[in-house]
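Each chain is listed here by its residues.
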Amino acid sequence: MTFDSPILAPSLLAADFTKLGDEIQACLDSEIRWLHCDIMDGKFVPNISYGPFVVEAIRRAAPETFLDVHLMIENPDAFVEPFADAGANLISVHQETCPHLHRTIQHIKNQGCLSGVVINPATPVDTLYPIFEDVDLVLVMSVNPGFGGQSFIESSLKKIYKLNEIRKQTQMEFLIQVDGGVNRENCTQLVRKGADVLVAGSSVFKQESISEAIQGLRSKMNAGRADLV
Ligand code: DX5
Ligand code: ZN
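Undergrad: Whenever I open this one, the coordination of the zinc ion (ligand 2) confuses me. Can you help?
TA: For a metal with four donors in a tetrahedral arrangement, the ideal angle between donors is 109.5 degrees, while six donors in an octahedron ideally sit at 90 or 180 degrees. Protein coordination of the zinc ion (ligand 2) is provided by His-36 (NE2), Asp-38 (OD), His-70 (ND1) and Asp-179 (OD), with donor distances spanning 2.0 to 2.3 Å. Between the six donor atoms coordinating the zinc ion (ligand 2), the angles at the centre fall across 67 to 167°, so the site counts as octahedral. Each donor residue of the zinc ion (ligand 2) lies on one chain, and together they are spaced H-x1-D-x31-H-x108-D. Both residues of the pair, His-36 and Asp-38, count as buried.

Undergrad: Help me out: how do you make sense of the sheet that holds strand β2 (residues 34-40) in this one?
TA: Picture the strands of a sheet paired through backbone hydrogen bonds; they go either parallel or antiparallel. Overall, parallel pairing links the eight strands, which are arranged β1-β8-β7-β6-β5-β4-β3-β2 in an open sheet. Edge strands, defined here as strands with exactly one partner in the open sheet, are β1 (7-10) and β2. Direction aside, neighbouring strands of the sheet carry axes that sit 25° apart on average. Direction of pairing for strand β4 (residues 90-94) relative to strand β5 (residues 114-119): parallel, over a ladder of five bridges. Residue pairing across strands places Val-93 opposite Val-117, the latter belonging to β5. In the packing of helix α4 (residues 101-110) onto the sheet, contacts are made with β4 and β5, and the angle to β5 comes to roughly 145°.

Undergrad: I keep staring at the packing of helix α2 (residues 52-61) against helix α3 (residues 77-86) and nothing clicks. Help me out?
TA: Two quantities define a packed helix pair, namely the angle between the helix axes and the distance between the axes. Two numbers describe how α2 lies on α3: the axes approach to 8 Å, and their chain directions differ by 20°. The orientation of α2 with respect to α3, classified from their angle, is roughly parallel. In terms of crossing hand, the pair formed by α2 and α3 is right-handed. Contacts between α2 and α3 involve Pro-52, Val-55, Glu-56 and Arg-59 on the former and, on the latter, Pro-82, Phe-83 and Ala-86.

Undergrad: Mind showing me how you'd approach the site of ligand 1 here?
TA: Within the structure, ligand 1 sits among 20 residues, and Asp-38, Gly-146, Asp-179, Gly-201 and Ser-202 are positioned closest to it. Here Gly-149 contributes a backbone N or O atom positioned 2.8 Å from an oxygen atom of ligand 1. Alone, ligand 1 offers 380 Å² of accessible surface; in the complex the protein occludes 99% of this. Here ligand 1 occupies the largest pocket. Looking at the shell around ligand 1, the elements that each hand over two or more residues are β2, β3 (66-72) and β8 (197-200). For the shell around ligand 1, the element with the most residues is β2, which contributes three residues. Each residue belonging to the shell around ligand 1 can be placed in one class, and the counts come to eight nonpolar, ten polar and two charged.

Undergrad: Honestly, the side chain of His-70 in this entry has me stumped. Any pointers?
TA: Considering the arrangement of structural elements, one finds His-70 in strand β3. For His-70, a relative accessible area of 0% translates into the label buried. At a separation of 3.4 Å, a polar atom in the side chain of His-70 contacts the side chain of His-36. If we skip the residues at most four places from it in the chain, His-70 touches His-36, Cys-37, Asp-38, Ile-39, Ser-92, His-94, Val-118, Leu-139, Met-141 and Asp-179.

Rules of the game
- Residues numbered from 1 in each chain as written.
- Chains lettered and ligands numbered in written order.
- Predicted model: local features only at pLDDT ≥ 70, side-chain atom pairs only at ≥ 80, totals over all residues.
- Heavy atoms only, no water.
- Donors = N, O, S within 2.8 Å, 3.2 Å for Na, K, Ca; no water.
- Tetrahedral: all angles 85-135°; square planar, octahedral: opposite > 155°, others 65-115°.
- Buried < 20%, exposed > 50% of the residue type's maximum accessible area, 1.4 Å probe, protein only.
- Pairing = 2+ DSSP bridges.
- Helix = DSSP H or I, 4+ residues; strand = E, 2+ residues; numbered from the N terminus.
- Axes fitted to C-alpha atoms, helices over the stretch in contact; angles between N-to-C directions.
- Contact = heavy atoms within 4.5 Å.
- Parallel < 35°, antiparallel > 145°, perpendicular 65-115°, else oblique.
- Left-handed = near helix turned anticlockwise from the far one by under 90°.
- Near = heavy atom within 4 Å.
- Polar contact = N/O pair within 3.5 Å; in protein donor to acceptor, adjacent residues only side chain to side chain.
- Areas by Shrake-Rupley, 256 points an atom, 1.4 Å probe, with all protein chains shown as cover.
- 1 Å grid on protein atoms, 1.4 Å probe; cavity = no way out; pocket = protein on both sides within 12 Å on 5 of 7 lines; lining within 4 Å.
- Sits in = over half its atoms within 2 Å of the grid points.
- Nonpolar A, V, L, I, M, F, W, Y, C, P; charged D, E, K, R; others polar.

Have a look at this one:
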């Protein structure tokens, strides 16, 4: 997969759930084509979010939109099928929760979804070498997962750069996604280092205008693509 411009993927965790449909529609009106769903179980991460039932509702509110489901849960294998059935296009799992990562990735593919692997801030890129050729996306967590609204961890930039170098050297095609603390100040730099998909929660939904927030982020992201290193 390659795209002409970097992708902005709003994280619905930061949306106002009393008007989720309206907030999704505001994203679609601003030409958002990719939404990020954060699934937390209160075990792998210290928070609980929502499950397949809500993802299915999101799918109904956005029938044509690419839905990326980020599983921050123990034993993700048990939930691959329910989220695929709910309408996920891509399911990503944490390297830290998968003792049989290769099998889990195959399981995701067998459900007809694209697959992603995620690394926490303290997990090195090198650990992913054996799985690069099997995944469609690598997600670099730039905060410790569990909550929206945290500050971006600067060392994530090095990981993005390294992943992009590996991708160039090996001619593999996985997408590079970044999640956590993405905002107008850092998004140009993230794209410049090689990120293709930026997840943004607070910097989209906790703003006065969702559409202005999206336009602002998008123009800064496009500036980064212009001088990709
Ligand atoms: C954190 C989640 C993120 C989070 C991003 O565990 O994976 O997707 O919602 O929120 P912001 O953009 O506010 O850091
Ligand atoms: Zn996420």
